[in-house]
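# Report on the structure
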Amino acid sequence: MIPRDHPRYGSLVTREHLADCARSGIVSWEGLIAHGRGEAFDYLLGEKTSESAYHAAKTAAALLRTARLPVISVNGNTAALAAPQIAHLQKTSGALVEVNLFHRTPDRVRQIEDLLQSAGAEVFSGEAERLLPLAHDRGFCRRDGMYAADVVLVPLEDGDRCGVLVEMGKKVIAIDLNPLSRTANMATLTVVDEVTRALPVIADACSLLTDQECQHLIAALDNKVFLREALNKMKARLCDALD
Ligand code: PTJ
């Protein structure tokens, strides 16, 4: 249906895929709106990984590599967009992969776990309990998984849970194209990049970084700097467009 020579071919194919995933239940209808917001911010970034985002992704790898119990939290959008990249990151980081949903139904959890498993991820599954102090269903997680984790990666998150995880003393890594979002500002570290671009950079860095490089990256971590650099990048592109 989508002509290959369309200038926005890649973006249209992704939209079509997400719409299919919404029809099958993997992505929530609200997830399509979240994707549109992400696309708008990615336009402002030039749809490329910036130098600053690359550095943030390496720092994310350092946090995952040095964690006692790292967990990758997966929602519907992340599974639909990046199940193979999640499986790859799990292999290089050794993190647990746990599904955590805002619009939670047993059927969606099962569908997303199946999709991740068919992409090669080993999913930490089983009975979830309401362990996080949240009024909505993101409060459900596993006692030996996200609840016990010291580092949690949260791609495409909304702010509430991020804040709660930080209050619980965990290091939270967000992947979020919006540097103004509550999640981006509450996280320990935010990679301001598109999830399918960010995950492979983090995964490769997990394999390549030495222990000493991990320590240096963590010691230099200042999330405000990463957020400011992302905003400056967007500002510069807007100013260039006006010239
Ligand atoms: O699957 P569920 O039920 O858990 O629901 C998931 C959604 C995405 C609906 C839920 O987490 C949500 O409402 O998220 P928000 O509050 O819209 O936040 C999503 C953030 O991710 C926004 O700041 C978007 O800019 C950003 N975003 C969207 N697409 C991408 C992205 N960031 C990185 N890569 C993307 N592809």
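No experiment lies behind these values; they were computed from the predicted model shown. (Residues numbered from 1 in each chain as written. Predicted model: local features only at pLDDT ≥ 70, side-chain atom pairs only at ≥ 80, totals over all residues. Heavy atoms only, no water.)

### Structural notes on the site of the ligand
Near the ligand lie 24 residues; those nearest to it are F102, R108, R138, D176 and E194. Take H103: an N or O atom from its main chain is 2.9 Å from an oxygen atom of the ligand. Between the ligand and D176 there is a distance of 2.8 Å, counted from an oxygen atom to a side-chain nitrogen or oxygen. Calculation on the ligand without its partners gives an accessible area of 740 Å², and the protein chains cover 94% of this total. The set of elements that each furnish at least two residues to the shell around the ligand consists of helix 2 (29-45) and helix 4 (76-93). The dominant element in the shell around the ligand, judged by the number of residues it contributes, is helix 2, at five residues. When grouped by side-chain class, the residues that make up the shell around the ligand number seven nonpolar, eight polar and nine charged. (Near = heavy atom within 4 Å. Polar contact = N/O pair within 3.5 Å; in protein donor to acceptor, adjacent residues only side chain to side chain. Areas by Shrake-Rupley, 256 points an atom, 1.4 Å probe, with all protein chains shown as cover. Helix = DSSP H or I, 4+ residues; strand = E, 2+ residues; numbered from the N terminus. Nonpolar A, V, L, I, M, F, W, Y, C, P; charged D, E, K, R; others polar.)

### Observations concerning the nonpolar core
One finds L89, L116, I173 and I202 to be the most contacted residues of the largest nonpolar core, which totals 50 residues. In contact with L116, not counting residues within four places along its chain, are V74, A83, I86, V97, V99, A121 and V123. Counting 16 residues, the second-largest nonpolar core is a separate cluster that includes V152, V154, C162 and V172. (Core = buried A, V, L, I, M, F, W, Y, C linked by side-chain atoms within 4.5 Å. Buried < 20%, exposed > 50% of the residue type's maximum accessible area, 1.4 Å probe, protein only. Contact = heavy atoms within 4.5 Å.)

### Some thoughts on the packing of aromatic side chains
For any pair of aromatic rings, the description consists of the separation of the ring centres together with the inter-plane angle of the planes. Under the definition given, this model contains zero aromatic pairs. Here the guanidinium or amino end of K170 rests over the ring plane of Y147, the centre of that ring lying 5.9 Å away. (Phe/Tyr/Trp six-rings, centres within 6.5 Å; stacked < 30°, edge-to-face > 60°. Lys NZ or Arg CZ within 6 Å of the ring centre and 35° of its normal.)

### Observations concerning the pattern of salt bridges
Side chains that differ in sign of charge can pair as their charged atoms come close. As enumerated under the stated definition, the model contains 16 salt bridges in all. A salt bridge links R130 to D137; the nearest nitrogen and oxygen atoms lie 3.0 Å apart. Among the ionic pairs, R138 bridges to E157, the shortest N-O distance being 3.7 Å. Within this pair, whereas R138 is found in the loop between strand 3 (129-130) and strand 4 (140-141), its partner E157 is found in the loop between strand 5 (151-155) and helix 6 (159-167), the two being separated by 19 residues in sequence. Take R138 and E157: they sit in the same class, and that class is buried. (Salt bridge = Lys/Arg side-chain N within 4 Å of Asp/Glu carboxyl O.)

### Let's talk about the packing of helix 3 (residues 51-65) against helix 8 (residues 195-208)
Helix-helix packing is characterised by the crossing angle of the two axes and by the distance between the axes. Contact geometry for helix 3 and helix 8: axes closest at 8 Å, N-to-C directions at 50°. When the axes of helix 3 and helix 8 are compared, the pair comes out oblique. Crossing handedness for the pair helix 3 and helix 8: right-handed. Of helix 8, the residues touching helix 3 (which contributes Y54, A57, K58, A60, A61, L64 and R65) are V201, I202, A205 and C206. (Axes fitted to C-alpha atoms, helices over the stretch in contact; angles between N-to-C directions. Parallel < 35°, antiparallel > 145°, perpendicular 65-115°, else oblique. Left-handed = near helix turned anticlockwise from the far one by under 90°.)

### Describing the pairing of strand 1 (residues 70-74)
Among the five residues of strand 1, five are classified as buried, and the element is accordingly described as predominantly covered. Bridging between strand 1 and strand 5 involves three bridges; their strand directions are parallel. For P70, the partnering residue across the bridge sits in strand 5 and is V151. Of the pairings in the sheet, the one linking strand 1 to strand 2 (residues 96-99) comprises four bridges and is parallel in character. By the bridge assignment, V74 is partnered in strand 2 with V99. Once you follow strand 1 into helix 4 and on to strand 2, the crossover reads as right-handed. (Pairing = 2+ DSSP bridges. Right-handed = clockwise from strand over helix to strand, strands pointing away.)

### A short note on the sheet that holds strand 5
Strand order across the open sheet formed by five strands is 2-1-5-6-7, with parallel pairing between neighbours. Sheet topology places strand 2 and strand 7 (189-191) at the edges, where each strand pairs with a single neighbour. On average, adjacent strands in this sheet sit at an angle of 20° to one another, irrespective of strand direction. Direction of pairing for strand 5 relative to strand 6 (residues 171-175): parallel, over a ladder of five bridges. By the bridge assignment, L153 is partnered in strand 6 with I173.

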